[in-house]
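Chain and residue survey
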Amino acid sequence: APVCDAAARAAAALRPALPSLHECRVTILGDRDWSPRISRLVSGGECLRFGFDAAHFLPTLPETHKCRRVHGHSFRIALASPDASRLAGPLFDIHERLDHRLLNDLPGLENPTSEMLAEWLKNELERRRCVPDEIMVAETCTSCCRLKLS
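Owing to the predicted nature of the structure, the values given are computational and were not obtained by experimental measurement.

1. With respect to the nonpolar core
Ranked by size, the top nonpolar core spans 25 residues in total, and within it F52, L79, L98, L117 and L121 carry the most contacts. Listed by contribution, the elements that provide at least two residues to this core are strand 2 (46-56), strand 3 (71-81), helix 2 (88-98), helix 3 (114-127), strand 4 (134-140) and strand 5 (143-148). Apart from the residues within four sequence positions on either side, L79 is in contact with E46, C47, L48, F50, L87, L91, L125, P132, E134 and I135.

2. Side note on the pairing of strand 5
On any regular strand, side chains alternate: one points to one face of the sheet, the next to the other face. Here six bridges tie strand 4 to strand 5, and the two strands are oriented antiparallel to one another. Note that in strand 5 the partner of I135 across the bridge is L147. Once strand 4 ends, the chain turns through two residues before running back antiparallel as strand 5.

3. A short note on the pairing of strand 2
Within strand 2, nine of the eleven residues are buried, leaving the element largely enclosed by the surrounding structure. Bridge count for strand 1 (residues 37-40) against strand 2 is four bridges, and the pairing is antiparallel. Among the inter-strand pairings, R40 is bridged to a residue of strand 2, identified as E46. The turn joining strand 1 and strand 2, which pair antiparallel and follow one another in sequence, is formed by five residues; a positive phi near 105° is taken by G44. Of the strand pairs in this sheet, strand 2 and strand 3 are connected by eleven bridges, and their pairing is antiparallel. From the neighbouring strand, D53 faces strand 3, where its bridge partner is S74.

4. Here we look at the packing of helix 2 against helix 3
It is at 10 Å that the axes of helix 2 and helix 3 come closest, and there the two elements cross at 135°. In terms of their interaxial angle, helix 2 and helix 3 are classed as oblique. In terms of crossing hand, the pair formed by helix 2 and helix 3 is right-handed. Side by side, helix 2 and helix 3 meet where P90, L91, I94, R97 and L98 of the first sit next to L117, W120, L121, E124, L125 and R127 of the second. Classifying every residue of the contact of helix 2 with helix 3 by side-chain character gives eight nonpolar, no polar and three charged.

5. Structural notes on the side chain of E139
Structurally, E139 is set in strand 4. K66 is the oppositely charged side chain nearest to the buried, salt-bridge-free E139, at an N-O distance of 9.8 Å. Engagement of the side chain of E139 in a polar contact is seen with the side chain of S114, the distance being 3.0 Å.

What counts, and where the lines are drawn
- Residues numbered from 1 in each chain as written.
- Predicted model: local features only at pLDDT ≥ 70, side-chain atom pairs only at ≥ 80, totals over all residues.
- Heavy atoms only, no water.
- Core = buried A, V, L, I, M, F, W, Y, C linked by side-chain atoms within 4.5 Å.
- Buried < 20%, exposed > 50% of the residue type's maximum accessible area, 1.4 Å probe, protein only.
- Helix = DSSP H or I, 4+ residues; strand = E, 2+ residues; numbered from the N terminus.
- Contact = heavy atoms within 4.5 Å.
- Pairing = 2+ DSSP bridges.
- Axes fitted to C-alpha atoms, helices over the stretch in contact; angles between N-to-C directions.
- Parallel < 35°, antiparallel > 145°, perpendicular 65-115°, else oblique.
- Left-handed = near helix turned anticlockwise from the far one by under 90°.
- Nonpolar A, V, L, I, M, F, W, Y, C, P; charged D, E, K, R; others polar.
- Lys, Arg positive; Asp, Glu negative; His and termini not counted.
- Salt bridge = Lys/Arg side-chain N within 4 Å of Asp/Glu carboxyl O.
- Polar contact = N/O pair within 3.5 Å; in protein donor to acceptor, adjacent residues only side chain to side chain.

Written out as structure tokens, the structure is:
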């Protein structure tokens, strides 16, 4: 696997403090660039999946709630449609607006819960005249929202 020069330099800088890194090889396993995956559904339609990394905070929660503070997630999005490939173009632009951003800064996402993000995605796709049958937004492996549109 190719070694990332910047990552290797970072690891080298840590070696004096962490001698166990002497034999460490640093490689990049993946990134969050736009790379949608389309798969067939048992129901006969298709599902387009993609991910992005973003920060957010939930301003309507009590001051003491941990999600009131800024934190981030590796969001996973899945959209079901009879022809998911037609969603890829519009979703590229949407991905660029979401990836590595503070979601609260986007109009319509001032309180960016998973439910609000699913609704925001629906509205963005409606403006582009390509609405899926269903949108799933997962913040974590145990927390997701499904918005059925048909």
